[in-house]
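# Residue-level structural notes
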Amino acid sequence: MALVVTPADAHLLHEANRSGATVTLRVAGGSAEQAARAALARGRRTLVDGPLGDAYASFTLAGALAGALAGPSRDLALAAHTLAADTAWAAGDRTACAVALEAALAVGAPTGQLADYLRGLTGLLREHPQDAIGPLRRVAADTGDAPDALHRAASAALLLGDTDAACRIGLRALAIARGLDRPGLVARALEYLAYAEMRAGRHARARAHSREGLDGALRTGRTNAAARHRAVLALSASVEGDAAEVESYAAASLETARRCGLNQTAALAEWALARSDLGRGDPAAAAARLADPVRQGHFAVRHLLLPCYAEAAALAGRETRTLTAELRAWAASGLDLSAPAQLARIEALTAPADTPPDRIEDAFRRAIRLHPPETGDFERARTQLHYGKWLRRRRRPLPARAVLRDALHGFERCGAAPWADQARQELRAAGDKRSPAPRALTGLTPHQLRIARLVATGATNREVAQSLSLSVRTVDHHLRNIFAALGIRSRVELTRIVADGD
């Protein structure tokens, strides 16, 4: 119990404390329902910029208070326990999430989409995918126009690995939230849509929606939402190869995530840093970075990190048998459409030295065939890059060049600059004379050239603006024109071109 007094009455407690006298209280006014609503509101406020553990405690208290009442208060209890489950899920607290889900299911036997949502989460927590897939599919199919129903549908689609459906539902949720002129709903819709687009390989769209969401979060003081958007922006930047941007977004995201217990967000930020390491050709650093998040990280995200970790470990010469076995079980669960392709790629990369070459080649080809088209070009191009490298080292330059050109075109379509550079290097090593060399700085105006050279030193747009006495907007405009003139998409490419040109 907690006793809350007004400042005018506080002296009574101080005097009683000094004298040891007994204070008699008469409780008047208010009700358990009002207390439950107050705790629920307090939990929602804490979710904005406070520790998830505190929010979970408030939601649990609200659920307990409302659950002791009859009638309409049962709906209040159900809402509180559901929010507690979602909060514990984001925090990566499996036990707390299970307790909240059990409490929610015990409140008046919920029905319809919400009941399926709760049962689906329970099946995932218990690692019984056969109990989760059916309910979650019904949730994803039952959208309607209600914001909460759309939110649950998008979440269910993501949990099923159906990123195409998650993007489609997310766009609808965002349109409805904008139409209702509800900033809180818009913020939530942007978070889930950007994450779905990132998972679907639609990195440019994810970046645009995350930037909008980050601007809104910073403007309204939504610190935790800002951390989640920065993690998605770091992941997008890890594809494009802007290492400085990856580190900046990831560091800011991790600072909030560690302070407030956003373990799911922290895992995504670490994933972005590891993928940036892989793009720079440093698998050992990527494997070291992902070791802890995979072994003891967030229970719902670790399987997404597993393929990246297994690939980095294999390239770094680490033991991968346990990882491959776990990835094989995950692919068999049916909860991730991309997992079968990623498993085949890992099986090819980790094949023992005495494996017949035709079996390794079959694994690479199977991986390319299994990559879902709705997940974009990036993962397929990564498989093609590994396959092309393998063919070249087997002294088969003609098929190697064909596969590597496909990889290069895939990386160029999604703006993955460092990966495209790796494909070009492999093409030249395979004897392809048409592989383009870095472009020169010709065609830039003197003003653009000054900006390009400052950016190449690692300066941010704001720092460039201060150095040249320009507005940040003007620098943004010039930098877009520089990228267009050079046919590039990232600051990393620009740095390399400036270095070659100078």
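In the block above lies the structure referred to throughout.
Predicted model, so just to flag it, every value in this text is computed and none were measured. Along each chain, numbering runs from 1 in the same order as the chain's sequence is written. With pLDDT at 70 or above as the cut-off, local features in this predicted model cover only qualifying residues; side-chain atom pairs require 80 or more to be listed or tallied, and sums for whole chains, interfaces and linings still use all residues. Hydrogen atoms and water are omitted, and side-chain values are computed over all heavy atoms in the structure.

### What about the overall build of the protein chain?
Working definition: helices are DSSP H or I runs of at least four residues, strands are E runs of at least two. Numbering for both runs from the N terminus. A tally of helices and strands in the protein chain yields 26 helices and zero strands. Along the longest, intermediate and shortest principal axes, the C-alpha atoms of the protein chain span 90 × 60 × 45 Å. Three exposure classes are used, based on accessible area relative to the maximum for each residue type with a 1.4 Å probe and protein chains only: buried under 20%, partly exposed in between, and exposed over 50%. Considering the protein chain as a whole, with its 502 residues, one finds that 51% of them fall into the buried category. At a minimum sequence separation of 6, the contacts of the protein chain that also span at least 24 residues come to 56%. For the protein chain, the exposed area adds up to about 23700 Å²; of that, 52% sits on carbon and sulfur atoms. Counting 66 positive and 53 negative side-chain charges, the protein chain places the averaged centre of each group 3 Å from the other. In this analysis, two residues are considered to be in contact whenever any of their non-hydrogen atoms come within 4.5 Å of each other. Areas reported here follow the Shrake-Rupley algorithm with a probe of radius 1.4 Å; residue values treat only the protein chains shown as occluding. Here Asp and Glu are counted as negative and Lys and Arg as positive; His is not counted, and neither are the chain ends. Throughout, a charge is located at the NZ atom of Lys, the CZ atom of Arg, the CG atom of Asp or the CD atom of Glu.

### Points about the environment of Gly388
As for its position among the elements, Gly388 is in helix α20 (residues 378–393). In this structure the C-alpha to C-alpha distance between Gly388 and Val403, which are 15 residues apart in sequence, comes to 5.4 Å. Not counting residues up to four positions away in its chain, the partners in contact with Gly388 are Ala400, Val403 and Leu404.

### Concerning empty space enclosed by the protein
Two kinds of site are reported from a 1 Å grid over the protein atoms alone, namely cavities, where a 1.4 Å probe fits but cannot get out, and pockets, open sets with protein on both sides within 12 Å along at least five of seven lines, and residues are called lining when an atom falls within 4 Å of a point. Grid points are joined across faces, edges and corners, and a volume is the space filled by probe spheres set on the points. Within the structure shown, the criterion is met by two cavities of 30 Å³ or more. Together, 20 residues line the largest cavity, and Arg199, Trp271, Ser338, Gln342 and Glu379 are the ones closest to its centre. Elements that contribute at least two residues to the lining of the largest cavity include exactly α10 (183–199), α14 (263–279), α16 (302–315), α18 (339–349) and α20. Each residue receives one of three labels: charged for Asp, Glu, Lys and Arg, nonpolar for Ala, Val, Leu, Ile, Met, Phe, Trp, Tyr, Cys and Pro, and polar for the others, Gly being one of them. Broken down by class, the residue content of the lining of the largest cavity amounts to seven nonpolar, seven polar and six charged. Space inside the second largest cavity adds up to approximately 120 Å³. Surrounding the second largest cavity, Pro147, Leu150, His151, Ala154, Gly170, Ala173, Ile176, Ala177, Leu185, Arg188, Ala189 and Tyr192 form its lining.

### Overview of helix α11 (residues 203–220)
Helix span is expected to be 1.5 Å times the residue number reduced by one. Here α11 spans 25 Å end to end across 18 residues, near enough to the 26 Å set by a 1.5 Å rise per residue. Inspection of α11 places His203, Ala206, Arg207, His209, Ser210, Gly213, Leu214, Gly216 and Ala217 among the buried residues, and these make up the whole buried set. As for α11, its buried residues are in contact with α9 (163–180), α10, α12 (223–240), α13 (243–260), α14 and α20. Downstream of α11 by a residue or two, Gly221 has a phi angle that is positive, lying close to 75 degrees.

### Notes on α18
Counting buried positions over the 11 residues of α18 gives eight, a clear majority of the element. Of the positions making up α18, those classed as buried are Ala339, Ala341, Gln342, Leu343, Ala344, Arg345, Ile346 and Ala348.

### Topic: the side chain of Arg491
When you line up the elements, Arg491 lands in helix α26 (residues 491–501). According to the relative accessible area criterion, Arg491 is buried, its value standing at 19%. If we skip the residues at most four places from it in the chain, Arg491 touches Asp242, Val455, Ala459, Thr460, Asn461, Leu479 and Phe483.

### Quick word on the pattern of salt bridges
What counts as a salt bridge is simple: a side-chain nitrogen of Lys or Arg found within 4 Å of a carboxyl oxygen of Asp or Glu. Summed over all chains, the structure comprises 31 salt bridges. Notably, a salt bridge pairs Arg382 with Glu311, separated by 2.6 Å at the nearest N-O pair. Of this pair, Arg382 sits in helix α20 while Glu311 is found in helix α16, placing the two residues 71 residues apart along the sequence. By relative accessible area, which is 1% here, Glu311 ends up buried. Residues joined by salt bridges that share partners form a network here, namely Glu311, Arg345, Glu379 and Arg382.

### Section: the packing of helix α3 (residues 52–67) against helix α4 (residues 73–91)
Where α3 meets α4, the axes come as close as 8 Å, and the angle between the chain directions of the two elements is 160 degrees. It follows that α3 is roughly antiparallel to α4 by the angle criterion. For the crossing formed where α3 meets α4, the hand is left-handed. Of the residues in α4, those touching α3 at Leu52, Ala55, Tyr56, Phe59, Thr60, Ala62, Gly63, Ala64, Ala66 and Gly67 are Ser73, Arg74, Leu76, Ala77, Ala80, His81, Leu83, Ala84, Thr87, Ala88, Ala90 and Ala91. Think of each axis as a best-fit line through the C-alpha atoms, taken over the contacting stretch in the case of a helix, with angles from 0 to 180 degrees between the N-to-C directions. What sets the label is the angle itself: under 35 degrees gives roughly parallel, over 145 gives roughly antiparallel, 65 to 115 gives roughly perpendicular, and the rest give oblique. Each crossing gets its handedness from the near helix: less than a right angle anticlockwise from the far helix is left-handed, clockwise is right-handed.

### What to know about the side chain of Arg401
The residue Arg401 is located in helix α21 (residues 397–413) in this model. Within the buried core, Arg401 has no salt-bridge partner, and the shortest N-O distance to an opposite charge, that of Asp432, equals 5.4 Å. Those residues in contact with Arg401, other than ones at most four positions away along the chain, are Leu427, Ala430, Gly431 and Asp432.

### Observations regarding the layout of surface pockets
Of the pockets and cavities examined, the second largest pocket occupies roughly 1500 Å³. Around the second largest pocket, the lining is made up of 50 residues, and of these Arg211, Asp242, Glu245, Tyr249 and Arg491 lie nearest the centre. Counting only elements with at least two residues in the lining of the second largest pocket, the list comes to α11, α12, α13, α14, α23 (446–456), α24 (461–468), α25 (472–486) and α26. At nine residues, the largest contribution of residues to the lining of the second largest pocket is made by α11. Considered class by class, the residues forming the lining of the second largest pocket number 17 nonpolar, 14 polar and 19 charged.

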